[in-house]
Amino acid sequence: MAAAHDPRMALLGAAAWGGALAGQLGGAPALAGATVLAAAIGLLPARAAAARGRRTALGWAVAMLIVTAAVGGGALLRERAVEHNPVRGLAEERVRVVATGTVTNDPRLVEGPFGDQSVVRIRVGSVEARGVRRGVGATVVILGDPAWQEVRLGATVRAEGRLAVPDDPRTAALMTGAAAPTVLEPPDVWWRASGAVRAAIRDAVAGRPPAQRGLVPALVDGDDAALPAEVEQQFRTTGLTHLTAVSGTNLTLLVGFLLLVARAVGVRGRWLQVVGLLGIVGFILLARTEPSVLRAAAMGTVGLFVLGTDGRRRGLRALGASVVVLLLLAPGLAVTAGFALSVLATAGIILLVPSLHGALERWMPAPVAMAIAVPLAAQLACTPIVAALSGEVSLVAVLANLLAGPAVGPATVLGLAAGLVGVIWPGAGTLLGTLAGWCVGWIIVVAERGAALPAAAIGWGTGGLAIVILTLVCLAAIPVLPWLLRRRRIGVAVAMAVLLVVLGLPTRLLGTLSETLTGASDWPPSGWAVAACDVGQGDAIAVATGRPGEAVVIDAGPDPAPVDRCLDRLGVERIPLLVLSHFHADHVDGLDGVLAGRAVGLIEVTPVLDPPDGVAEVRADAADAEVPVAVAPFGSTRAIGDARIQVLAPDLPQLVPGAGDGTSANDASVVLLVETAGLRLLATGDLEPPGQATLAAAVAGLRVDVLKVPHHGSRHQDHDWLTSLEPQVALVSAGAENDYGHPAPETVDALQSAGTDVVRTDESGSIALVPSESGIAVVTER
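Being a predicted model, the structure only gives us computed values, none of them experimental.

Asker: Before we move on, could you go through the overall build of the protein chain and cite the residues and values that matter?
Answerer: Along the protein chain, the regular secondary structure elements total 26 helices and 26 strands. Look at the contacts in the protein chain between residues 6 or more apart in sequence, and 69% of them connect residues 24 or more apart. A total accessible area of about 34,200 Å² is found for the protein chain, and carbon and sulfur atoms account for 62% of it.

In structure tokens, the structure reads:
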């Protein structure tokens, strides 16, 4: 029994993860501390291994130290190598270059409303700048001509464009405005073969409905380019997102099926291992050799260990070893959400499924018990990370995975078979693709119906305290759940209680109780003129037009659910004008929530199309909702009901692509002067000091009643200009306990010292302003 719980290999994996995090987030001092801590923790298994002697215990402590230092040190050295790479130096000078390199991922088309661009990553081997050619080794992200879409993974190309410094510290440069590429050498045969299979999978489902056409390739090889945005949102709400990305489940299903076929034709012994290894290599080539794919392959391999004899002990060891190897090869994985979710889900399945399955098996058939235990264990392990990313806790994830699970295996295997057969016989590939489409059709129905439930997910804070509380709740549930579930009456009662909540039956009772205890029934107040919605770390402002059920909305926040709830509470059913100040995620990612169930007349945006991903998302969401998109016309003034809207910035005569990495977005924010119900509101987006200075010069002597403080109250402000506006009320929209330190104390102090009432969504929740003869009444949600 002790061997089944031997934690040493898992501790090595944790040490590797800690070292990678320390090295990348805290630098050398943090890495030194993490190394010492890891060595101390390495002594803990001494008691369990006492029979093996002191040398064994010290050996594990030394191993922990070495692994932590190696992974963290490797991460630091990689970052330093990128920082001192000649290509980074050219990027800092914004030099135009000609680069030669190998394409390392599939080009992705960023479909903006005003022009399309391709995004692709290449490994540069040589670069020519200022007439000098030199050999280098650097990763460069290309943002350029749509002709890049025709370039295949593995091809050697020549690219020409201007370099810029990227946000990603692991990337040497961003090449913007890249011209059409010159292909010097085609991809190697294995890349051409995998590309042909991927294309055959897409062709096999080309005649299916859009959701099925997008989900089959995503399920088989992670190709989610054609997946509709509404389907992605439904999968997020129902906890099925892991099906739309390359995950360990893909490899486990595909290689497991391959092994079954091999056994059926008489393959035995070590030859089965060879078949399995070839299957893993084939999966990596099909899904691409990116770090996320390697991570999925490693977790899938661990899944194969778990399915074998003595699965729990071998699986835990394999998981620890996989984490160490992955982080030695790609330490950047340590800071990605996908890696954390994969590792935690796999660990949850290994450690928690036996007790959950044993409890459920006491009163239900073993296969059903296992079908419930696996998604329940994975969800329990991943819930804090998912909540930190989405601000939600799904209440239907376990049920949705239980219902969708039976269709995942057939859909994945049939989809792969469609690709393999379709390369040779397209007609048969289409038949298999149709069968795969039928299978994913059921998964889509589960996601669609689950997401439509009244309480499919509950909102949860993304601040440190909220996540700590949720983590403690999940940890407490680990011993409690098996105790509850082994008793049929209690287990059924818990399931029914969750079902009632999901169906929304107790919502009115809970809402009444909440209003009684907190006074929330006073929000929103009647006669509100301006409302700042609490959407976390982002912006969303509603301006009343004086017409019932109607408002102008400025920005959409980072997530659909919070802004949707806020607008519902405000009673907003029609939005004649929605202005998105710029394309950063914290202002546009909630667009679906604004559009959901509301009549939106027009979306206006900044002419600076940066970052491209945000532009693409706005275009897609607007197209799905059939809402036109236009540039906010500088200098225009128009009346919408009782509201008067004037566009003060930016003053740009034509569309501008911007830097391409989001760095040019803030100062390109659409700035509005809004008058409604006797109030003058200045909505500033994320305008920074240079943009503030330009606006101050263009509109001298401006005075307002209400200021939406720029950039969530960051410290990068022209305090003299802010206070010169003489606002009575300053609205700060920021997430509770956010990692940016918003709002900055010096910004709040400057406004308060000038006599302005500073009101913050992170402290007060949603905020409503009601004008009166005596001034402005501020009514907060909390």
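Asker: Please give an account of the nonpolar core that cites residues and values.
Answerer: Ranked by internal contacts, the top residues of the largest apolar core, which has 34 residues, are Trp 528, Leu 567, Leu 570, Leu 578, Leu 580 and Ile 603. Breaking this core down by element, the ones donating at least two residues are β11 (541-544), β12 (551-554), α19 (560-570), β14 (578-580), α21 (591-595), β16 (603-605), α22 (612-625) and β25 (767-772). The element contributing the most residues to this core is α19, with four residues. In this structure, Leu 578 is in contact with Val 553, Asp 555, Leu 591, Val 594, Val 600, Leu 602, Ile 603 and Glu 604, ignoring residues within four places of it in sequence.

Asker: Which residues make up the side chain of Ser 714, and what are the values?
Answerer: Mapped onto the elements, Ser 714 comes out in the loop between β22 (706-708) and α24 (719-724). Taking relative accessible area as the criterion, Ser 714 reaches 3% and is therefore assigned buried. Apart from residues lying up to four places away in sequence, Ser 714 is in contact with His 742, Ala 744 and Thr 747.

Asker: Tell me what's going on with the packing of aromatic side chains, and back it up with residues and numbers.
Answerer: In this structure the tally under the stated criterion is one aromatic pair. Ring geometry for Trp 17 and Phe 339: centres 5.1 Å apart, planes at 85°, overall edge-to-face. Linking Trp 17 in helix α1 (residues 8-25) with Phe 339 in helix α12 (residues 337-361), this pair joins segments that are 322 residues apart in sequence. Under the relative-accessibility criterion, Phe 339 is labelled buried at 0%.

Asker: Tell me about the packing of helix α14 (residues 397-424) against helix α15 (residues 426-451), residues and numbers included.
Answerer: Two elements in contact, α14 and α15, have axes whose closest approach is 8 Å; the angle formed by their N-to-C orientations is 165°. Put simply, α14 runs roughly antiparallel to α15. The element α14 and its partner α15 pack so that their crossing is left-handed. Grouping the amino acids of the contact of α14 with α15 by side-chain chemistry returns 22 nonpolar, four polar and no charged.

Asker: Talk me through helix α16 (residues 464-485); I want residue IDs and the actual numbers.
Answerer: The end-to-end C-alpha separation of α16 is 31 Å, in line with the 32 Å expected for 22 residues at 1.5 Å each. Taken as a whole, α16 carries its principal kink of about 45° at Ile 478; the proline Pro 479 stands between one and four residues after it. When we look at burial in α16, the residues that qualify are Ala 466, Ile 467, Leu 470, Cys 474, Ala 477, Leu 481, Pro 482, Leu 484 and Leu 485.

Asker: Just give me the short version of the state of the cysteines, but keep the residues and values in it.
Answerer: Evaluation of the coordinates by the stated rule reveals one disulfide. Note that Cys 533 is cross-linked by a disulfide to Cys 566, the S-S spacing being 2.0 Å. One quick way to see it: the torsion about the S-S bond of Cys 533 and Cys 566 is about -75°, and its sign makes the bridge left-handed. Residue Cys 533 is found in the loop between β10 (530-532) and β11, and its partner Cys 566 is found in helix α19; the two are separated by 33 residues along the sequence. For the pair shown, Cys 533 and Cys 566 are each scored as buried. There is no disulfide at Cys 474, and the cysteine sulfur nearest it, in Cys 382, is 9.8 Å away. What makes Cys 474 buried here is its relative accessible area of 10%.

Asker: Give a detailed account of the sheet that holds strand β21 (residues 679-683), specifying residues and quantitative values.
Answerer: The strands making up a sheet associate through hydrogen bonds between their backbones, and the pairing can be parallel or antiparallel. Sheet architecture is open: seven strands sit in the order β18-β19-β20-β21-β22-β23-β24, paired in mixed fashion. Each having just a single partner strand, β18 (637-640) and β24 (757-760) make up the two edges of the open sheet. Across the sheet, the axes of successive neighbouring strands diverge by a mean angle of 20°, strand direction being ignored. Here strand β20 (residues 671-676) pairs with β21 via five bridges, running antiparallel. Bridge pairing in β21 links Thr 676 to Leu 679.

Asker: Give a detailed account of a nonpolar patch on the surface, specifying residues and quantitative values.
Answerer: On the surface, a nonpolar cluster with roughly 340 Å² of combined accessible area is contributed by Leu 399, Leu 403, Trp 442 and Val 445. Where the nonpolar patch is concerned, the elements lending two or more residues are α14 and α15. With respect to the helices and strands, the residue Leu 403 is situated in helix α14. Accessibility expressed as a relative area gives 38% for Leu 403, which makes it partly exposed.

Asker: Would you mind going over the pattern of salt bridges in detail, with residue names and values included?
Answerer: Scanning all chains against the criterion turns up 17 salt bridges. Among the salt bridges present, the one from Asp 539 reaches Lys 708, with a minimum N-O distance of 2.7 Å. Remark: Lys 708 occurs in strand β22 and Asp 539 occurs in the loop between β10 and β11; sequence separation between them is 169 residues. The buried category is assigned to Lys 708, whose relative accessible area is 3%. Linked by salt bridges that have partners in common, Arg 547, Glu 550 and Arg 574 make up one network.

Asker: An account of the side chain of Gln 379 is requested, with residue identities and associated values reported.
Answerer: Along the chain, Gln 379 turns up in helix α13 (residues 366-390). In contact with Gln 379, not counting residues within four places along its chain, are Ser 394, Ala 397 and Val 398.

Asker: So what's going on with the sheet that holds strand β17 (residues 629-631)? Residues and values would help.
Answerer: Strand order in this open sheet of eight strands is β17-β16-β14-β12-β11-β10-β25-β26, and the pairing throughout is mixed. Edge positions in the open sheet fall to β17 and β26 (775-780), since each of these has one partner strand only. Taken pair by pair, the neighbouring strands of this sheet meet at an average axis angle of 20°, ignoring direction.

Asker: Describe the packing of helix α6 (residues 210-221) against α14, naming the residues involved and giving the relevant values.
Answerer: At a minimum axis distance of 9 Å, the contact between α6 and α14 shows a crossing angle of 90°. Classed by the angle they form, the pair α6 and α14 counts as roughly perpendicular. Of the residues in α14, those touching α6 at Val 216, Leu 219 and Val 220 are Val 408, Ala 411, Thr 412, Gly 415 and Leu 416. Residue composition of the contact of α6 with α14, grouped by class: six nonpolar, two polar and no charged.

Asker: How would you sum up the pairing of strand β23 (residues 729-732)? Please name residues and give values.
Answerer: Of the two faces of β23, the one lined by Val 729 and Leu 731 and the one lined by Ala 730 and Val 732 are each fully buried. Sheet analysis places β22 next to β23, joined by three bridges and oriented parallel. When the sheet's bridge partners are listed, Leu 707 is paired in β23 with Ala 730. Taken together, β22, α24 and β23 constitute a β-α-β crossover, and its handedness is right-handed. One ladder, built from four bridges, connects β23 with β24; its direction is parallel. From the neighbouring strand, Val 732 faces β24, where its bridge partner is Arg 760. Handedness of the crossover is the feature at issue here: the chain leaves β23, passes through helix α25 (residues 745-753), returns alongside β24, and the resulting connection is right-handed.

Asker: Account for the environment of Trp 483, naming residues and giving values.
Answerer: Residue position: Trp 483 is located in helix α16. In the structure, Trp 483 is positioned 128 residues away from Ser 355 in sequence and 9.2 Å away in space, judged by C-alpha atoms.

Asker: Describe the pairing of strand β1 (residues 96-103), naming the residues involved and giving the relevant values.
Answerer: Here β1 lies mainly inside the structure; six of its eight residues are buried. Judged from the seven bridges that link them, β1 and strand β5 (residues 156-164) form a sheet pairing that is antiparallel. Note on β5: the bridge partner recorded for Gly 101 is Val 157.

Asker: An account of unusual backbone geometry is requested, with residue identities and associated values reported.
Answerer: Residue Pro 611 is bonded to the preceding Asp 610 through a cis peptide linkage, with omega at 0°. Here Pro 611 is to be found in the loop between β16 and α22. In this chain, Ala 649 is followed by Pro 650 through a cis amide linkage whose omega measures 0°. Within the fold, Pro 650 resides in the loop between β19 (643-649) and β20. Residues other than glycine seldom take positive phi values, yet His 712 does so here, at roughly 60°. For His 712, the location among the structural elements is in the loop between β22 and α24. The buried category is assigned to His 712, whose relative accessible area is 1%.

About the cut-offs
Residues numbered from 1 in each chain as written. Predicted model: local features only at pLDDT ≥ 70, side-chain atom pairs only at ≥ 80, totals over all residues. Heavy atoms only, no water. Helix = DSSP H or I, 4+ residues; strand = E, 2+ residues; numbered from the N terminus. Contact = heavy atoms within 4.5 Å. Areas by Shrake-Rupley, 256 points an atom, 1.4 Å probe, with all protein chains shown as cover. Core = buried A, V, L, I, M, F, W, Y, C linked by side-chain atoms within 4.5 Å. Buried < 20%, exposed > 50% of the residue type's maximum accessible area, 1.4 Å probe, protein only. Phe/Tyr/Trp six-rings, centres within 6.5 Å; stacked < 30°, edge-to-face > 60°. Axes fitted to C-alpha atoms, helices over the stretch in contact; angles between N-to-C directions. Parallel < 35°, antiparallel > 145°, perpendicular 65-115°, else oblique. Left-handed = near helix turned anticlockwise from the far one by under 90°. Nonpolar A, V, L, I, M, F, W, Y, C, P; charged D, E, K, R; others polar. Expected span 1.5 Å × (residues − 1). Bend = angle between axes of the 7 residues up to and from the residue. Disulfide = S-S within 2.5 Å. Pairing = 2+ DSSP bridges. Patch = residues over 30% accessible without salt bridge, like charges linked within 9 Å, V, L, I, M, F, W, Y side chains within 5 Å. Salt bridge = Lys/Arg side-chain N within 4 Å of Asp/Glu carboxyl O. Right-handed = clockwise from strand over helix to strand, strands pointing away.

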